[in-house]
Amino acid sequence: MAAALVESMTALTLESKQEVSLTTVSFKFAGMPALELELELTTAVRDVKKLAKEVCNIEPEHMRLIYEGRVLKESDTLECYKVDGDEPVQMHFTAGHEALVGGSQNPKVQRNPFTTPVRGLPGSKGQRPSRVSGRMGAMGIIRKYGIMMKRQEFREHALEIGFVKYS
């Protein structure tokens, strides 16, 4: 009796044996040769970006996947991909955080890095970096009290710093 029960329990499984069908998905990078990956169509876009990172050395947060003019979201899957279609999945990428610093001129060398002169360095109006973003700025930098933030950044962070607007 017990042996028959054990045999019937082993025959019952929750797993269904499904065949995994891999599909060749073609990707086109800007400025790079085309790439083909063997993927399941149920793969999420965030996982595709991680796989593409290994091939093209671009961080996933700087990638955008576009297929047939539609930006694919992180939670989307590749089920919209048409196997018989000839249009590849386009992969666009941004420059990343290193290239967003900006500025085209070499910064002036300051002798004492712990104090900023009251009137700034001669000829350095556009060479003053923001403390928040590191971007160079000229007229938009707030220098009073040593804040050294761009005007828009100050508006975003004023309450955190302790400034209150009375009006």
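Just so you know, these numbers come straight off a predicted model, no measurement behind them.

### Side note on the overall build of the chain
Phase 1: Counting secondary structure elements, the chain contains three helices and nine strands.
Phase 2: Taken from N to C terminus, the helices and strands of the chain fall in the order α-β-β-α-β-β-β-β-β-β-β-α.
Phase 3: In the chain, once contacts between residues fewer than 6 apart in sequence are set aside, the share between residues at least 24 apart is 36%.
Phase 4: Carbon together with sulfur atoms contributes 55% to the accessible area of the chain, which is approximately 13000 Å² in total.

### Topic: the pattern of salt bridges
Phase 1: Going through the model one piece at a time under the given rule, you end up with three salt bridges.
Phase 2: With its nearest N and O atoms 3.8 Å apart, the salt bridge here joins Glu 59 to Lys 53.
Phase 3: When the shortest N-O distance is used, the salt bridge between Asp 76 and Arg 70 registers 3.1 Å.
Phase 4: Overall, the relative accessible area of 17% leaves Asp 76 in the buried class.
Phase 5: Taking relative accessible area as the criterion, Arg 70 reaches 41% and is therefore assigned partly exposed.

### Quick word on the pairing of strand β5 (residues 89-93)
Phase 1: As paired strands, strand β1 (residues 23-29) and β5 are joined by three bridges and run parallel to one another. Following the sheet pairing, Phe 27 is matched in β5 by Val 89.
Phase 2: The pairing of strand β3 (residues 63-67) with β5 spans four bridges and is classified as antiparallel. From the neighbouring strand, Met 63 faces β5, where its bridge partner is Phe 93.

### Points about the nonpolar core
Phase 1: In this structure, Val 25, Phe 27, Phe 29, Leu 39, Leu 65, Val 89 and Met 91 are the most contacted members of the largest nonpolar core, which totals 19 residues.
Phase 2: Listing elements by their share of this core, those giving two or more residues are β1, β2 (35-39), α2 (45-56), β3 and β5.
Phase 3: A per-element tally of this core places α2 first, with four residues.

### Things to note about the sheet that holds β1
Phase 1: Taking strand neighbours across the sheet as the criterion, the five strands line up as β2-β1-β5-β3-β4 in an open arrangement whose pairing is mixed. Every other strand in the sheet has two partners, leaving β2 and β4 (70-72) as the edge strands with one partner each. Within this sheet the neighbouring strands show an average axis-to-axis angle of 35 degrees, counted without direction.
Phase 2: Packing against the sheet, α2 makes contact with β1, β2, β3, β4 and β5, and its axis sits at approximately 115 degrees to β3.

### Side note on the side chain of Lys 49
Phase 1: Structurally, Lys 49 is set in helix α2.
Phase 2: On the accessibility criterion, Lys 49 (4% relative accessible area) is buried.
Phase 3: Setting aside anything within four residues of it in sequence, one finds Lys 49 in contact with Pro 60, Met 63, Leu 65 and Glu 74.

### What about the environment of Thr 24?
Phase 1: Mapped onto the elements, Thr 24 comes out in strand β1.
Phase 2: The partly exposed category is assigned to Thr 24, whose relative accessible area is 32%.
Phase 3: In sequence terms Thr 24 and Leu 41 are 17 residues apart; their C-alpha atoms lie 9.5 Å from each other.
Phase 4: Residues contacting Thr 24, with those up to four places away along its chain left out, are Glu 36, Leu 37, Glu 38 and Tyr 81.
Phase 5: A polar side-chain atom of Thr 24 sits 2.5 Å from a polar atom in the side chain of Glu 38.

### Thoughts on the pairing of β3
Phase 1: Extensive coverage of β3 is indicated by the burial of four of its five residues.
Phase 2: By the bridge criterion, three bridges tie β3 to β4 in an arrangement that is antiparallel. Within the sheet, the bridge partner assigned to Tyr 67 lies in β4 and is Arg 70.
Phase 3: Hairpin geometry of β3 and β4 is characterised by an intervening segment of two residues between the two adjacent antiparallel strands and by a positive phi of about 55 degrees at Glu 68.

Thresholds applied
- Residues numbered from 1 in each chain as written.
- Predicted model: local features only at pLDDT ≥ 70, side-chain atom pairs only at ≥ 80, totals over all residues.
- Heavy atoms only, no water.
- Helix = DSSP H or I, 4+ residues; strand = E, 2+ residues; numbered from the N terminus.
- Contact = heavy atoms within 4.5 Å.
- Areas by Shrake-Rupley, 256 points an atom, 1.4 Å probe, with all protein chains shown as cover.
- Salt bridge = Lys/Arg side-chain N within 4 Å of Asp/Glu carboxyl O.
- Buried < 20%, exposed > 50% of the residue type's maximum accessible area, 1.4 Å probe, protein only.
- Pairing = 2+ DSSP bridges.
- Core = buried A, V, L, I, M, F, W, Y, C linked by side-chain atoms within 4.5 Å.
- Axes fitted to C-alpha atoms, helices over the stretch in contact; angles between N-to-C directions.
- Polar contact = N/O pair within 3.5 Å; in protein donor to acceptor, adjacent residues only side chain to side chain.

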